[in-house]
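Listed below are the residues making up each chain.
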Amino acid sequence: MLGSRQPASLSRQAPAKVNLFLRVLARRPDGFHELETVMARLERLQDTLLLEPLPPGQLELRLVAAGPAGLAVGDIPLTDENLVLKAARLLQPLASPAAAGVRITLVKRVPSAAGLGGGSSDAAAALAALHDYWSLDAGQNQLRALAAQLGSDVPFFLADSAWVLCTGRGEVLTPVSTSRRLPLVLARPAAGLSTPAVFRACTPEPHGPAAETFLKSLKTSNTSQSAQALHNSLQTPAVRLNSQVAELQRILQRENVVAHQMTGSGSAYFAICYSVRQACCIAARLRQLGVSWVQVSCTSA
Ligand code: C5P
């Protein structure tokens, strides 16, 4: 449990992710969708959580926008709806009543409503950071269960592996062993997308392409084979709901890239490039075209 000494400040990174494969299998009676998705954490694109001591019982969240001007943080709630605060409230009962309070400064670089997992990653980082901050001894399983309570994508961000096959509603994890470091250019149009709205508008694909095929393709050294196996069941409904996604698709179609696809429930879109250099050149062209948020990154190996 908790020691009585004042904890030191600590910080934690909360990386973004992309979905390289996502198939919606079926609607579930609980309102969620059964899916199989392969997610990969990203390098060089992350939020940061900074934890600082406050008097016992106090909990405070501050938001700092650190991304480019196109990064919208205005729609991120600072109320109890915020996943970081929800994570803190879930863990607080495990700490002693005399435990130090905490001010969490959330430095945002990952755009929201983008399918990049920003909010989920923040929540996972908050759970892990507060667990250390309050010197708790919850096991991995307990933390994973709390993570799943916070959101379907949150357990992924607690995984040791950077690449994971996620099934169920997204919370059942199977690590994927790969050392693929794919250079990516990522873009988010001005308008984001609401995850529930995109899921509501999707048509499940019980007989669609299998994650297994994508995973097998990762084992070959041929990147274009993996490229052909990319899939996202949520892209068709997202394009119907947000024409800016279709616009990004058209722009990237004209580029000679390995492959391109929307991530998660959008509205961010990515292209797998042949090199970081090529990704930087495409990023420059996208910025020139006025795309509101553009970033170069790589999948973590
Ligand atoms: O789990 P999370 O809170 O992130 O999900 C947000 C919303 O996305 C859910 O309320 C649901 O409408 C939709 N969703 C879904 N099936 C999933 C994951 C999310 O329908 N597997």
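As a reminder, the structure under discussion sits directly above these lines.
Calculation notes
Residues numbered from 1 in each chain as written. Predicted model: local features only at pLDDT ≥ 70, side-chain atom pairs only at ≥ 80, totals over all residues. Heavy atoms only, no water. Core = buried A, V, L, I, M, F, W, Y, C linked by side-chain atoms within 4.5 Å. Buried < 20%, exposed > 50% of the residue type's maximum accessible area, 1.4 Å probe, protein only. Helix = DSSP H or I, 4+ residues; strand = E, 2+ residues; numbered from the N terminus. 1 Å grid on protein atoms, 1.4 Å probe; cavity = no way out; pocket = protein on both sides within 12 Å on 5 of 7 lines; lining within 4 Å. Points joined across faces, edges and corners; volume = space filled by probe spheres on them. Nonpolar A, V, L, I, M, F, W, Y, C, P; charged D, E, K, R; others polar. Pairing = 2+ DSSP bridges. Arc of directions from axis to C-beta. Contact = heavy atoms within 4.5 Å. Polar contact = N/O pair within 3.5 Å; in protein donor to acceptor, adjacent residues only side chain to side chain.

A. Molecular detail of the nonpolar core. Core analysis: the largest hydrophobic core is formed by 39 residues, its most contacted members being Leu49, Leu51, Leu91, Val102, Ile104, Leu130 and Trp134. Secondary-structure elements contributing two or more residues to this core are β2 (33–54), β3 (59–65), α1 (83–91), β4 (101–108), α2 (118–133), α3 (140–150) and β5 (163–167). With 9 residues, α2 is the single largest residue contributor to this core. In terms of nonpolar packing, the next biggest core, distinct from the first, is built from 31 residues, Ala16, Val38, Ala229 and Ala268 among them.

B. Local environment of the layout of surface pockets. Estimates place the volume of the largest pocket at around 1200 Å³. Along the wall of the largest pocket there are 47 residues; nearest its centre are Leu83, Ser120, Asp153, Thr195 and Pro196. Sorting the residues of the lining of the largest pocket by element identifies β1 (10–27), β2, α1, β4, α2 and α4 (195–200) as the ones contributing at least two each. Classifying every residue of the lining of the largest pocket gives 18 nonpolar, 19 polar and 10 charged. When its volume is computed, the second largest pocket comes out at roughly 250 Å³. Around the second largest pocket sit 17 residues that line it, and Arg12, Ala124, Ala128, Phe157 and Leu158 are the ones nearest its centre. Elements with a minimum of two residues in the lining of the second largest pocket: β1, α2 and α3. Top element by residues in the lining of the second largest pocket is α2. It accounts for 6 residues.

C. Region of the structure containing the pairing of β4. Of all 8 residues in β4, 7 are buried, a share of seventy percent or more. Here β2 runs beside β4; their pairing, made up of 7 bridges, is antiparallel. By the bridge assignment, leucine 54 is partnered in β4 with glycine 101. The sheet contact formed by β3 and β4 spans 7 bridges and is parallel. When the sheet's bridge partners are listed, glutamate 60 is paired in β4 with arginine 103.

D. Expanded view of unusual backbone geometry. A cis amide bond, omega 15°, links glycine 266 with the succeeding residue serine 267. You can see serine 267 is positioned in the loop between β9 (259–262) and β10 (269–272). Of note in the backbone geometry, serine 135 takes a positive phi value of approximately 50° without being a glycine. With respect to the helices and strands, the residue serine 135 is situated in the loop between α2 and α3.

E. Highlighting empty space enclosed by the protein. Enumeration according to the criterion identifies 1 cavity of 30 Å³ or more in this entry. What the largest cavity holds in volume is close to 50 Å³. Around the largest cavity, the lining residues are Leu20, Arg180, Leu182, Phe214, Leu218, Thr223, Ser226, Ala227, Leu230 and Ile272. A per-element tally of the lining of the largest cavity places helix α6 (residues 223–228) first, with 3 residues. Here the residues of the lining of the largest cavity sort into 7 nonpolar, 2 polar and 1 charged.

F. Fine view of α1. By the burial criterion, the buried members of α1 are Val84, Leu85, Ala87, Ala88 and Leu91. The arc that holds the buried residues of α1, viewed along the axis, is 155°, so those residues lie on one side. Buried-residue contacts for α1 involve β2, β3, β4, α2 and α3. In this structure asparagine 82 caps α1, since a side-chain oxygen of it lies 2.8 Å from the backbone nitrogen of valine 84.

G. Fine view of helix α5 (residues 211–219). All of the buried residues in α5 are Ala211, Phe214, Leu215, Ser217 and Leu218. Angular distribution of buried residues about the axis of α5 spans 155°; they occupy a single face of the element. Within α5, the exposed residues directed more than 90 degrees away from the buried face are Lys216 and Lys219. Residues of α5 that are buried make contact with β1, β2, β5 and α6.

H. Representation of the pairing of β5 within the structure. Judged by how many residues are buried, β5 sits mostly within the fold: 4 of 5 residues are covered. With 4 bridges joining them, β2 and β5 adopt antiparallel strand pairing. Its bridge partner lying in β5, alanine 40 is registered against tryptophan 163. In terms of strand pairing, β5 meets strand β6 (residues 172–175) through 4 bridges, oriented antiparallel. Directly across from cysteine 166, in β6, lies its bridge partner leucine 173. Connecting β5 to the antiparallel partner β6 that follows it, the hairpin turn spans 4 residues, and glycine 168 within it adopts a positive phi of roughly 70°.

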